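Fold and geometry: a report
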Amino acid sequence: MQIALYQPDIPQNTGTILRLCACLDVAAHIIEPAGFATSDRAFRRAGMDYLDRVRLTRHDSWPKFEQWRRGLGHRLLLFTTRGAGSYLDYAYEPADILLFGRESMGVTDEVLAAADARLLIPIKPGLRSLNVAMAAAMAVGEALRQTRGA
């Protein structure tokens, strides 16, 4: 299982998600450009003390990430408010990549079109969205429950 962050722009959320990945042994990907420095040094300065424990890959751009993903045949599952179905009703596979968009703008139409599935976390009507780190925790929890047999 893997989590990918598309051009994240809030470093605290990214740090929280990287810690989640380290603790749950889930690979992490950052798709650049991010709205902040994503070097190891910058993460350490921000107090990311789990950085040595996370399998983190940085991708220079969306096209490079897509080339890598397609080359390995991984499914891309986009979590979005424009989702087509509930994340709870989806059948996950161990090699899936759970993709979360930029906090301020989501993802582009190109990214939306590339997703193998667009999943929604149902929330109370009239509310905009969950925090991306909270959404990532909920999504990876369900995905791991299904694939690790917990």
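Below you will find a few notes about this structure. (Residues numbered from 1 in each chain as written. Predicted model: local features only at pLDDT ≥ 70, side-chain atom pairs only at ≥ 80, totals over all residues. Heavy atoms only, no water.)

1. Considerations on unusual backbone geometry
Quick reminder of the rule: By the criteria applied, helices consist of DSSP H or I runs no shorter than four residues and strands consist of E runs no shorter than two, each listed in order from the N terminus. The cut-offs for exposure are 20% and 50% of the maximum accessible area for each residue type, with area from a 1.4 Å probe on protein chains only; residues under the lower value are buried, those over the upper are exposed, and the others partly exposed.
Cis peptide bonds are those with omega within 30 degrees of zero, and the linkage from E32 to P33 qualifies with 0 degrees. Relative to the helices and strands, P33 resides in the loop between β2 (27–31) and α2 (40–45). A positive phi is found at Q7, a non-glycine position, where the angle reads about 45 degrees. A relative accessible area of 15% places Q7 in the buried class. Residue D25 is not a glycine yet carries a positive backbone phi of 55 degrees.

2. Side note on the sheet that holds strand β1 (residues 2–6)
Inclusion rule: By this definition, two strands are paired if DSSP reports at least two bridges between them. The contact criterion used throughout is that any non-hydrogen atoms of two residues lie within 4.5 Å. Throughout, an axis means a line fitted to C-alpha atoms (over the contacting stretch in the case of helices), and angles, computed between N-to-C directions, take values from 0 to 180 degrees.
In spatial order, the strands read β3-β2-β1-β6-β4-β7-β5; together these seven strands make up an open sheet with parallel pairing. Two strands lie at the open edges of the sheet, namely β3 (56–59) and β5 (85–86), each paired on one side alone. For β2 and β3, the ladder comprises four bridges, and the chain directions are parallel. Residue pairing in the sheet places I31 in a bridge with H59 of β3. Across the sheet, helix α5 (residues 132–148) lies against β1, β4 (76–79) and β6 (97–100), angled at about 165 degrees from β6, the strand it touches most.

3. Let's talk about the packing of aromatic side chains
Condition: Here is the rule: rings of Phe, Tyr and Trp (six-membered ring for Trp) pair when centre to centre is within 6.5 Å. Planes less than 30 degrees apart are stacked, more than 60 are edge-to-face, and the remainder are tilted.
For the structure on display, the rule yields five aromatic pairs. Seen in terms of ring centroids, F79 and F100 are 5.0 Å apart; in terms of plane orientation they differ by 15 degrees. Their pairing is stacked. In this pair, F79 is assigned in strand β4 and F100 in strand β6, connecting sequence segments 21 residues apart. For F79, a relative accessible area of 9% gives the class buried. On the numbers, 5.3 Å between centres and 70 degrees between planes, the contact of Y90 with Y92 is edge-to-face. Take Y90 and Y92: they sit in the same class, and that class is buried. In textbook terms, an aromatic cluster arises when at least three aromatic residues are bridged by ring pairs, as seen for Y6, W62, F65 and W68.

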